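# Secondary and tertiary structure notes
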Amino acid sequence: MKRFYTTALLILTLLGAQVSRADAPWTNGELRVSNNQRFLQFSNGKPFFWLGDTGWLLPERLDRAEVQYYLHKCSEAGYNMVQVQVMNGVPSINIYGQQSLPFGWDMTKVDPEGVYSYWDHLDYIVKVAAQNGIYIGMVAIWGSQVKEETINAEQAREYGAFLANRYKNSPNIVWIMGGDIQGDIHPEVWDAMATTIKQFDKHHLMTYHPRGRYTSAHWWSKAAWIDFHMFQSGHRKYGQRMGNKDYSIPDNTEEDSWMYVDSTWAYKPMKPVIDGEPSYEDIPKGLHDPNEERWQDYDVRRYAYWSVFAGSCGHTYGHNAIMQMLKPGYSTSYGSDGTEKAWYDAQKDPGYGQMKYVKNLMLAFPYFDRVPDQSIIVGGNGVRYDRLIATRGADYLLVYNYNGNEMNLNFDKISGATKNVWWMDAATGGLKYLGRFKSGVQHFASIPHTKKVNDGVLIAVDVDRNYLTKSQTVIDDNQFEGKKRDLNE
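As the structure is a computational prediction, the values presented were derived from the model and not from experiment.

Moving on, we get to the overall build of the protein. A tally of helices and strands in the protein yields 13 helices and 21 strands. Within the protein, the fraction of its 489 residues that count as buried is 61%. Counted over contacts in the protein with a minimum sequence separation of 6, partners at least 24 positions apart contribute 71%. Here the protein has roughly 18700 Å² of accessible surface; of this, 50% comes from carbon and sulfur atoms.

Here we take up helix H3 (residues 64-76). The end-to-end C-alpha distance of H3, which contains 13 residues, comes to 19 Å, matching closely the 18 Å that a straight helix rising 1.5 Å per residue would cover. Between the side-chain oxygen of the N-cap and the backbone nitrogen of Ala65 there are 3.2 Å, and the N-cap of H3 in question is Asp63. Gly78, located one to two residues past H3, shows a positive phi value of around 95 degrees.

The biggest cluster of nonpolar side chains holds 139 residues, and the ones touching the most others in it are Trp119, Tyr159, Leu361 and Ile459. In contact with Tyr159, not counting residues within four places along its chain, are Val86, Met87, Trp105, Met107, Trp119, Ala140, Ile141, Ile151 and Met193.

This paragraph deals with unusual backbone geometry. Note that the residue after Val90, namely Pro91, is joined by a cis bond; omega there is 0 degrees. Tracing the backbone through its elements, the reader meets Pro91 in the loop between strand S5 (81-85) and strand S6 (102-105). Pro269 follows Lys268 through a cis peptide bond whose omega is 0 degrees. Secondary-structure assignment places Pro269 in the loop between helix H9 (259-265) and strand S12 (273-275).

Our focus in this paragraph is the packing of helix H4 (residues 118-131) against helix H6 (residues 153-167). Their axes nearest at 12 Å, the elements H4 and H6 cross at an angle of 45 degrees. The angle between H4 and H6 falls in the class oblique. With respect to the hand of their crossing, H4 and H6 are arranged in right-handed fashion. When H4 is examined against H6, the residues Trp119, Asp120, Leu122, Asp123 and Val126 are found in contact with a partner set consisting of Tyr159, Phe162, Leu163, Arg166 and Tyr167. Here the residues of the contact of H4 with H6 sort into seven nonpolar, no polar and three charged.

As a further point, take helix H13 (residues 350-363). The buried fraction of H13 amounts to 11 of the 14 residues, a majority that puts the element mostly inside the structure. Along H13, the residues that are buried comprise Gly351, Tyr352, Gln354, Met355, Tyr357, Val358, Lys359, Asn360, Leu361, Met362 and Leu363.

In this fold, Asn94 is placed in the loop between S5 and S6. For Asn94, a relative accessible area of 5% puts it in the buried group. Dropping the residues within four chain positions of it, Asn94 is found in contact with Pro59, Glu60, Tyr118 and His121.

Okay, the confidence of the model for the protein next. Confidence in the prediction for the protein averages 88 pLDDT; 90% of positions are at 70 or higher. Contacts of residues 1-9 to residues separated by more than four positions or lying in other chains number 10 contacts, the stretch itself having pLDDT below 50.

As for its position among the elements, Ile475 is in the segment after strand S21 (456-462). Owing to a relative accessible area of 4%, Ile475 belongs among the buried residues under this scheme. C-alpha of Ile475 to C-alpha of Asn360: the two residues are 115 residues apart in sequence and 6.2 Å apart in space.

This part is about the pattern of salt bridges. One pass over the full model with this rule turns up 17 salt bridges. Of the charged contacts in the structure, one is a salt bridge between Asp282 and Arg294, with a shortest N-O distance of 3.7 Å. In this pair, Asp282 is assigned in the loop between S12 and helix H10 (297-310) and Arg294 in the loop between S12 and H10, connecting sequence segments 12 residues apart. One network of salt bridges, in which partners are shared, links Asp111, Asp120, Asp123 and Arg166.

Below, the discussion takes up the packing of aromatic side chains. In the structure shown here, the tally under the stated rule is 34 aromatic pairs. Ring centres of Tyr305 and Phe309 lie 5.8 Å apart, and the angle between their planes is 80 degrees; on these two criteria the pair is classed as edge-to-face. Taken together, the residues Tyr305 and Phe309, both in helix H10 and four residues apart, mark about one turn of the helix. The two residues Tyr305 and Phe309 agree in class, both being buried. Seen in terms of ring centroids, Tyr367 and Phe368 are 5.3 Å apart; in terms of plane orientation they differ by 80 degrees. Their pairing is edge-to-face. With relative accessibility at 1%, the residue Tyr367 sits in the buried group. Three or more aromatic residues joined by ring pairs form one cluster here, namely Trp190, Tyr208, Tyr214, Trp219, Trp220 and Trp225.

Cut-off values and rules
Numbers given to residues run from 1 along each chain, matching the order in which its sequence is written. Reporting in this predicted model follows two pLDDT cut-offs: at least 70 for local features of residues, and 80 or more for side-chain atom pairs to be given and counted; totals over whole chains, interfaces and linings ignore these cut-offs and use all residues. Each side-chain value is worked out from all heavy atoms of the structure, with water and hydrogens disregarded. For the purposes of this entry, the term helix denotes a DSSP run of H or I that reaches at least four residues, the term strand denotes a run of E that reaches at least two, and both are numbered from the N terminus. A 1.4 Å probe rolled over the protein chains alone gives each residue an accessible area, and that area as a share of the maximum for its type sets the label: buried under 20%, exposed over 50%, partly exposed in between. Only heavy atoms matter for contacts: two residues are in contact if any of them lie within 4.5 Å across the pair. All accessible-area figures derive from a Shrake-Rupley calculation using a 1.4 Å probe, and residue coverage is judged against the displayed protein chains alone. Expected helix span is given by 1.5 Å per residue-to-residue step, counting one fewer step than there are residues. Under this definition, polar contacts are N or O atom pairs within 3.5 Å; protein pairs additionally need one hydrogen-donor-capable and one acceptor-capable atom, and for neighbouring residues in sequence, both atoms have to be side-chain atoms. In plain words, nonpolar cores are sets of buried Ala, Val, Leu, Ile, Met, Phe, Trp, Tyr and Cys residues tied together by side-chain atoms within 4.5 Å. Here an axis means a line fitted to C-alpha atoms, over the contact stretch when the element is a helix, while the angle between two N-to-C directions is reported on a 0 to 180 degree scale. Here is the rule for angles: anything less than 35 degrees is roughly parallel, anything more than 145 is roughly antiparallel, 65 through 115 is roughly perpendicular, and the remaining ranges are oblique. It is the rotation of the near helix from the far one that decides the hand of a crossing: anticlockwise by less than a right angle makes it left-handed, clockwise makes it right-handed. Under this grouping Gly is polar, as are all residues other than the nonpolar Ala, Val, Leu, Ile, Met, Phe, Trp, Tyr, Cys and Pro and the charged Asp, Glu, Lys and Arg. pLDDT measures the predictor's confidence residue by residue and takes values from 0 up to 100. Throughout this description, the term salt bridge denotes a Lys or Arg side-chain nitrogen within 4 Å of a carboxyl oxygen of Asp or Glu. Stacked, tilted and edge-to-face are the three classes applied to pairs of Phe, Tyr and Trp rings, where Trp contributes its six-membered ring and a pair requires centres within 6.5 Å; stacked means planes under 30 degrees apart, edge-to-face means over 60, and tilted covers the rest.

And the structure:
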């Protein structure tokens, strides 16, 4: 059965149209931090909006045919980043039975010549990702292994040198230290590994994936090796407390992912920030209890828009089945009720396909001058699910409305005596032109609910700007081309 399944995936992959890599993202140059320290961009000035998928166990659980299928589907869905665990354990063992560390931490013996190894398989993943225009966010080792002291600082330096020299010439790498762990747990290990990688690899960006409800800036704001910050808004619903731990975000605000951006930027120097692990689609709220309701597509959309409109430089999506690469023969410890779907079926779930709409929306407008601005909203921002969140450039503004509530918006916040206004359905990406509105405070009535959640974005643009057309029904990929106004130039 497994043999048939793998062969079927390979056939589907070979029949699928290969994405041309003549326009691979890195043809625009290396990734770097924008001059205003809030975004990521290529060296030629083009913006990079990080749209990630959480494929943590990809290196261990997928074979070559599955790797091709998975990454091709990621590319089709608009993802340009996949976050993986290089090693989930010490050692890690992949689907071919190959060990990551067959001779312990002696990195000179892990990849014998003439023998297909664990690291050759990781090379293959990086190569196929590049063929699909996708970056690999490499979590070098999962945090649990550092906490359990299976690696020390000296071994971390040797391992860091091995990784850096192996992948420093691959165009599609972003380094991720940490892995669901506080930065004050054996910080000498993370510092040794990160500093060594940076010593040998001068071309790739680096961040740190923290424990849930933390931001990496809590420990690493002054670290020379960290280029941008990452937070984990986590998987808990409002009121799902975790005791008296010193979290960055207070209890009873568990779902307020927008709070992490300001809390990160409170640390200096300012760096770009992104939610590297929000609530996963189809996972129980709080992770472990199968009796809890599961996060749905409208939940993962809300986390994305709240975070990005608050100022994040992109967003990472996650799915219960995909992050574990569940399939027949593998079980799950995350709220298992015995009915978990396979990862390839999860790629058909609605939230998975809806993330590209936030990326396309952000890239449709001048990118680098965009700021969060709650003063656009007149009469209160709302709380919890009723919260409105606004962002704008000089000549456009965007307001995300989760519950379709009525809004009073101050159009004086952007240029132009008159504005063209659209509503974008967050679930479909569909655009509806609402008409021309004068400056000043404009009232928008609540949206009648045709489904459980009618979330979307109100878009207002100076009529003298042509970022969208009145007849446009969706924001296409690469809408931003030809309309760049880069304040870094």
